Amino acid sequence: MLEIKNLHASVNGNEILTGVHLKVNAGEVHAIMGPNGSGKSTLAQVLAGREAYEVTAGEVRYNGKDLLEMSPEDRAREGIFLAFQYPVEIPGVSNTYFLKAALNSVRKYRGLAELDAVDFLAMVKQKMGILEMDKTLLSRPVNEGFSGGEKKRNEIFQMAVLDPKLAILDETDSGLDIDALRIVADGVNKLRTKENAVVVVTHYQRLLNYIVPDVVHVLVEGRIVKSGPKELALELEERGYDWLKEEEQVKA
Amino acid sequence: MVEKAAKPAGERQGAQIEQYLSAFRSFERGLNGESASPIHAVRKEAIAHFASTGFPTTHDEEWRFTDVQPIARAPYAAGTPGTVSAADIARWTFAGLDANRLVFVDGEFSERFSTVRSVPSGGAIMSLARALTSGDAAALRHTARHARYDQDAFTALNTGFLRDGAFVHIPDGVSWDEPIYVLYLATGRTVPFVAHPRNLFVAGRNSRCFVVERYAALAENSYFTNAVTEVVLAEGAVVEHDKVQEESLNAFHVGSAHVSMAAKSNYTSNSFAMGGAIVRNNITSVMEGQGVECTLNGLSLSTGRQHIDNHTTIDHATAHCNSHELYKSILDGSSRGVFNGKIFVRKDAQKTDAKQTNKTLLLSDLATIDTKPQLEIFADDVKCTHGATVGYLDAEAVFYLRSRGIGIELARDILTYAFASDVTGRVKIEPVRAALDRLILKQLHEGRRLEGL
Ligand SMILES: Nc1ncnc2c1ncn2[C@@H]1O[C@H](COP(=O)(O)OP(=O)(O)O)[C@@H](O)[C@H]1O
Ligand SMILES: [Mg+2]
């Protein structure tokens, strides 16, 4: 589904991604862990098409297509969804309005009829139920004045509405209490099928108890330095990242 | 430049001024017996004032960023108004607005298209010319008493040619909730002309009313609207005054509103400027008693080579008054915007609470704005804040929308619309608010898709 080869990316002339290799197949869950500032969000944003990051080398193929050639909106329409680490507040645009514009843009691209107001609302209510979201959040401006937890929940709610093939969750667990974490993780799991894949960026093992990964990768200084089974996450939780950094230095 | 500035206005602008003086002479001839009335003495004084000052130049501090030479040197001719149909009027009536309406065609009152079904007892909704000739006490008492013609050339010109416009008088204690709609429609007459609309809205003690003033055009012809509106609020009066300016893109529009507010009155102005080649809006509001609430909201949308200038003055002349001001501009193409917001807090105006916000959204690299908050505070126990921002659409927000599958054009339009709706949302008359929303959507690329949402 997703194949990243030797990806290099910089922002304002600073190289942040220094050669990422990653392959994700349909039906899989991958976790990406790593110290602060190692480039996890950069990787996620580059995959979603953020123009502030310049890709200087490497390639990314998504379902056989050259992902880097595609506009951010086309990536979304092709089924990529990024749950932002810091969801953006958009004053003056209601959540409903925003979601409807998004859903209908995606449906149109996929050759589906636009949903009318009644069907849209029914669908939205059902997805809100899954995430146990407060209905008043629908009429409020996108993310404006939402608590940290509400913002994260809203991201997964949008994901549920848009029904992506490849979901990238960037620290969706941070800022969630244990109950909210379980609800959000349940929401993600409900959306899992053999056809779609999830990449979870996290600092903590606890989310991975709910969304169990097939592979865990460790990103250090802009590249994946170690990959392993889900037990690797436990080891990282215990030992931190320094030993990996040292291993890197030894290799170099 | 220096040489020019040193010469008196009359010499510099001889031909430009003469055009108006000769028009004034023929205007006088047409007045017949009315030229003996006290109003005519005011006209003569005002035109004399204009003759001595001429048009302002960019050397005048108040006109630094707005060059009115194209307005001043354009030739205008007198003539009869063009024709409009009932369908034209219907098109320029706010859908769903059940209102008494006064219609002016190319500046002339249209008896035929004006419909006044009900008038508050003891009050009036009629043409100002009729009110003055019939000796309406409120009209005579207030006309030309509030707009100072000795301080502004355009107000002087308007006062010189003062004859007609909309007159509304709501008597003491009457809550008149049915909006009053005043429409100035330009027909697309091929010969350029000047209109000097003169409006007077008088709200009695503890009365309430809603007035909507709209300037629109059937074609993109050139003409010059030089309007003056006087608004008088007696003690405890509440007035919402909406102005929607959609002149032809080749027209000039100078509109000045002068608002006098007695104690405990509450005035709200919502001013929308979208049309016109060169536009200047002045609002001067003076708090004459304590406990006044004054709210000035404004939104400008411009593109191409349009120039829209908003000058506001809030004069806190007395204590315990509040003012709230929000002016926004959206500039596209190579249009230019100007905002000047003066707030005076006089020595005795203790416990003043004044808040001014000015926000500009630039949609193009070629658009520019000159913005200047001007707070002059002479009292010490006051709360005054102001803030101005100028910027492009937030790149992070655009990306966020795109990352959800929304195309770049629609994403930009959604954010632009949201910026504007912060002001349109403040209009209390629902049909006007809805019409403004549609007008804004029409200006956006993907407006039709937005409307469907
Ligand atoms: N827009 C930016 N401008 C400058 N530096 C940036 C920008 N975005 C990220 N960085 C830098 O790139 C590095 C990686 O950041 P990020 O991808 O957010 O790391 P992580 O998500 O792993 O904590 C950090 O050193 C960060 O300061
Ligand atoms: Mg991060």
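Structure's up top.
Reading the values: rules and limits
Residues numbered from 1 in each chain as written. Chains lettered and ligands numbered in written order. Predicted model: local features only at pLDDT ≥ 70, side-chain atom pairs only at ≥ 80, totals over all residues. Heavy atoms only, no water. Phe/Tyr/Trp six-rings, centres within 6.5 Å; stacked < 30°, edge-to-face > 60°. Helix = DSSP H or I, 4+ residues; strand = E, 2+ residues; numbered from the N terminus. Buried < 20%, exposed > 50% of the residue type's maximum accessible area, 1.4 Å probe, protein only. Near = heavy atom within 4 Å. Polar contact = N/O pair within 3.5 Å; in protein donor to acceptor, adjacent residues only side chain to side chain. Areas by Shrake-Rupley, 256 points an atom, 1.4 Å probe, with all protein chains shown as cover. Axes fitted to C-alpha atoms, helices over the stretch in contact; angles between N-to-C directions. Parallel < 35°, antiparallel > 145°, perpendicular 65-115°, else oblique. Left-handed = near helix turned anticlockwise from the far one by under 90°. Contact = heavy atoms within 4.5 Å. Pairing = 2+ DSSP bridges. Buried area = accessible area lost by both parts, 1.4 Å probe. Salt bridge = Lys/Arg side-chain N within 4 Å of Asp/Glu carboxyl O. Nonpolar A, V, L, I, M, F, W, Y, C, P; charged D, E, K, R; others polar. Disulfide = S-S within 2.5 Å. Donors = N, O, S within 2.8 Å, 3.2 Å for Na, K, Ca; no water.

Trainee: A description of the packing of aromatic side chains should follow, citing residues and the corresponding values.
Mentor: Aromatic ring pairs are defined here through the distance separating the ring centres and the angle between the ring planes. All names here are of chain B. Going through the model one piece at a time under the given rule, you end up with 20 aromatic pairs over all chains. Here phenylalanine 24 and phenylalanine 27 contribute two aromatic rings whose centre-to-centre distance is 6.1 Å and whose plane-to-plane angle is 45 degrees, an arrangement assigned as tilted. Of this pair, phenylalanine 24 and phenylalanine 27 are both found in helix H3 (residues 14-29), three residues apart, which corresponds to roughly one turn of the helix. Here phenylalanine 24 and phenylalanine 27 have matching classes, each one buried. An angle of 5 degrees between the planes, with centres 4.9 Å apart, marks the rings of tyrosine 184 and tyrosine 215 as stacked. Placement of tyrosine 184 in strand E5 (residues 175-186) and of tyrosine 215 in strand E8 (residues 208-217) is noted, with a sequence separation of 31 residues between them. A residue is classified by how much of its surface remains accessible, and tyrosine 215, at 0% relative accessible area, is buried. A connected cluster of aromatic rings, assembled from ring pairs, spans Tyr20, Phe50, Phe55, Trp63, Tyr76, Phe154 and Phe224.

Trainee: Lay out the site of ligand 1 with the relevant residues and their values.
Mentor: Residue and element names in this part refer to chain A. Neighbouring ligand 1 are Val11, Asn12, Ile16, Pro35, Asn36, Gly37, Ser38, Gly39, Lys40, Ser41, Thr42 and Tyr53. Between ligand 1 and glycine 39, the relevant distance is 3.0 Å, taken from an oxygen atom to a main-chain nitrogen or oxygen of the residue. Protein chains bury 61% of the 560 Å² of accessible surface belonging to ligand 1 in isolation. Sort the elements by how many residues they give to the shell around ligand 1 and helix H1 (residues 40-48) lands first, with three residues.

Trainee: So, the packing of helix H10 (residues 395-402) of chain B against helix H11 (residues 408-424) of chain B: which residues are in play, and what are the values?
Mentor: All names here are of chain B. Where H10 contacts H11, the two axes come as close as 9 Å, and the packing angle between them is 125 degrees. Judged by the angle between their axes, H10 and H11 are oblique. Judged by the sense of rotation from one axis to the other, the crossing of H10 with H11 is right-handed. Facing Ala397, Val398, Leu401 and Arg402 of H10, the residues of H11 in contact are Ile408, Ala411, Ile414 and Leu415.

Trainee: Describe the sheet that holds strand E1 (residues 2-11) of chain A, listing the residues and the values that go with them.
Mentor: All names here are of chain A. Here four strands make up an open sheet; going across it, the order is E2-E1-E4-E5 and the pairing antiparallel. Here the strands that pair on one side only, and so sit at the sheet edges, are strand E2 (14-24) and strand E5 (65-66). Examined bridge by bridge, strand E4 (residues 54-62) and E5 share two bridges and lie antiparallel to one another. Counterpart to arginine 61 in the pairing with E5 is aspartate 66. Those strands touched by H1 are E1, E2 and E4, and its axis lies near 110 degrees from that of E1.

Trainee: Quick rundown of the interface of chain A and chain B? Include the residues and the values.
Mentor: Facing 35 residues of chain A, the contacting portion of chain B comprises 21 residues. Across the chain A to chain B interface the summed buried area is about 2300 Å²; carbon plus sulfur atoms make up 63%. It is Arg50, Glu73 and Tyr97 of chain A that lose the most area in chain A upon contact with chain B, and together they represent 25% of the buried surface on that side. Here chain A is connected to chain B by three salt bridges. One salt bridge connects arginine 402 of chain B with glutamate 51 of chain A, and the closest N-O pair in it is separated by 3.3 Å. Here chain A and chain B share 10 residue pairs in polar contact (both at pLDDT 80 or more) between them. Of all the elements in the fold, those that place two or more residues in the side of chain A that touches chain B are H1, helix H2 (72-77), strand E6 (80-83), strand E7 (90-94), helix H3 (95-109) and helix H6 (148-162) of chain A. Broken down by element, the side of chain A that touches chain B gets its largest block of residues, eight residues, from H3 of chain A. For the side of chain A that touches chain B, the per-class residue count stands at 20 nonpolar, seven polar and eight charged.

Trainee: Describe the packing of H6 of chain A against helix H7 (residues 178-190) of chain A, naming the residues involved and giving the relevant values.
Mentor: Angle between the axes and distance between the axes are the two parameters that describe a pair of packed helices. All names here are of chain A. Two elements in contact, H6 and H7, have axes separated by 10 Å at closest approach and are oriented at 15 degrees. When the axis of H6 is compared with that of H7, the two are roughly parallel. Pair H6 / H7 crosses with left-handed handedness. Contact residues: H6 offers Arg153, Ile156 and Met159, while H7 offers Ala180, Ile183, Val184 and Val188. Here the residues of the contact of H6 with H7 sort into six nonpolar, no polar and one charged.

Trainee: Which residues make up the state of the cysteines, and what values do they have?
Mentor: Residue and element names in this part refer to chain B. For the structure shown, the criterion picks out zero disulfides over all chains. Unpaired in terms of disulfides, cysteine 321 finds its nearest cysteine sulfur in cysteine 294, a separation of 9.2 Å. For cysteine 384, which is in no disulfide, the shortest distance to another cysteine sulfur is to cysteine 321 and amounts to 12 Å. Taking the relative accessible area as the measure of exposure, cysteine 384 reaches 22% and is therefore partly exposed.

Trainee: Could you give me a rundown of the coordination of the magnesium ion (ligand 2), with the residues and numbers involved?
Mentor: For the magnesium ion (ligand 2), the full set of protein donor atoms is Ser41 of chain A (OG) and Gln85 of chain A (OE1), at a range of 2.1 to 2.2 Å. Taken as a pair, serine 41 of chain A in helix H1 and glutamine 85 of chain A in the loop between E6 and E7 lie far apart in primary sequence, 44 residues in all.

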